[in-house]
Amino acid sequence: MALRTIASRKTLAALGSGLRAQARLATAAAGAYSRGLVTFSLPDLPYDYGALEPAISAEIMQLHHQKHHQTYVTNYNKAVEQLVDAMAKGDAPAVAKLQSAIKFNGGGHINHSLFWQNLTPIHEGGGEPPKGLLGWAIDTDFGSLEALVQKMNAEGAALQGSGWVWLGLDKDFKKLVVETTANQDPLVTKGANLVPLIGIDVWEHAYYLQYKNVKPDYLKNIWKVINWKYASELYEKECP
């Protein structure tokens, strides 16, 4: 158990640069790792698979959640278990080899866990413009909500290959920023001071069954189900 606990702590440290995204998830993981080996599990969605239609089809949501997100969780847990064993054996080449799998699959889990919360059905407030402090910050930093949406859509559409487009908070400067990350890299890989508020998945699996190769249409319509209330709660928590 001592070896497993030490290895688990070292695993968490190795994940620090790539997987410290949502504070809630990171804090929970840190506490679990301090007690020994921990595994992730697939979170339930806060709505039915068809609740985001017509913006996102039920078929896409089910496949995205049950297949893609589950795969990240499964592969992350497998890689961490292999890493713990490799560190216990002092197998440095195996430890180095496993880092990319842990970053990719752990990032996939973190990013998607936020993504599901960033969405909500229209009848529950999806697409309603942000109010309060976040609404004011958007107007201050981007000029208007419309300008922010245009910027994120443009950067998401221009992203080559797979990745994410983010609205984040730079905690050092107390300023909103738009960033993109490749593959399943969390926003924190662009800076330890960045907190994700909204992440939009622009992998093809997020839209292709419905929108084919017209990614701009997907980016245009997803704003109809964006959960600005949740983003506002994150913003007010991180930038009181």
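Use the structure listed above.
Basis of the calculations
Residues numbered from 1 in each chain as written. Predicted model: local features only at pLDDT ≥ 70, side-chain atom pairs only at ≥ 80, totals over all residues. Heavy atoms only, no water. Buried < 20%, exposed > 50% of the residue type's maximum accessible area, 1.4 Å probe, protein only. Helix = DSSP H or I, 4+ residues; strand = E, 2+ residues; numbered from the N terminus. Pairing = 2+ DSSP bridges. Axes fitted to C-alpha atoms, helices over the stretch in contact; angles between N-to-C directions. Parallel < 35°, antiparallel > 145°, perpendicular 65-115°, else oblique. Contact = heavy atoms within 4.5 Å. Nonpolar A, V, L, I, M, F, W, Y, C, P; charged D, E, K, R; others polar. Salt bridge = Lys/Arg side-chain N within 4 Å of Asp/Glu carboxyl O.

K.L.:
Residues and numbers for the pairing of strand 3 (residues 194-201), please.
P.N.:
In terms of burial, strand 3 is a largely internal element, eight of the eight residues being buried. Sheet topology note: the strand 1 (residues 163-170)/strand 3 ladder contains seven bridges and is antiparallel. By the bridge assignment for strand 3, Trp166 is matched with Gly199.

K.L.:
Mind laying out the packing of helix 5 (residues 132-142) against helix 9 (residues 228-238), listing which residues take part and the relevant values?
P.N.:
The geometry of helix 5 relative to helix 9 is characterised by a closest axis approach of 8 Å and an angle of 90° between their N-to-C directions. Relative to helix 9, the element helix 5 is oriented roughly perpendicular. Along the contact surface, helix 5 presents Leu133, Leu134, Ala137 and Ile138, while helix 9 presents Trp228, Ala231, Ser232, Tyr235 and Glu236. Its residues assigned to classes, the contact of helix 5 with helix 9 shows seven nonpolar, one polar and one charged.

K.L.:
Can you tell me about the pattern of salt bridges, naming the residues and giving the values?
P.N.:
Tallying each qualifying case throughout the model produces five salt bridges. Notably, a salt bridge pairs Lys151 with Glu155, separated by 3.0 Å at the nearest N-O pair. Here Lys151 and its partner Glu155 are both found in helix 6 (residues 145-158), four residues apart, which amounts to about one turn of the helix. On the basis of relative accessibility, which here comes to 26%, the residue Glu155 falls in the partly exposed class. Of the charged contacts in the structure, one is a salt bridge between Glu179 and Lys190, with a shortest N-O distance of 3.4 Å. Highlighted residues: Glu179 in strand 2 (residues 175-182) and Lys190 in the loop between strand 2 and strand 3, separated in sequence by eleven residues.

K.L.:
Residue-level account of the sheet that holds strand 3, with values.
P.N.:
With antiparallel pairing, the three strands of this open sheet are ordered in space as 2-1-3. Of all strands in the sheet, those with a lone pairing partner are strand 2 and strand 3, marking the two edges. Averaged over all pairs of adjacent strands, the angle between their axes in this sheet comes to 25°, without regard to strand direction.

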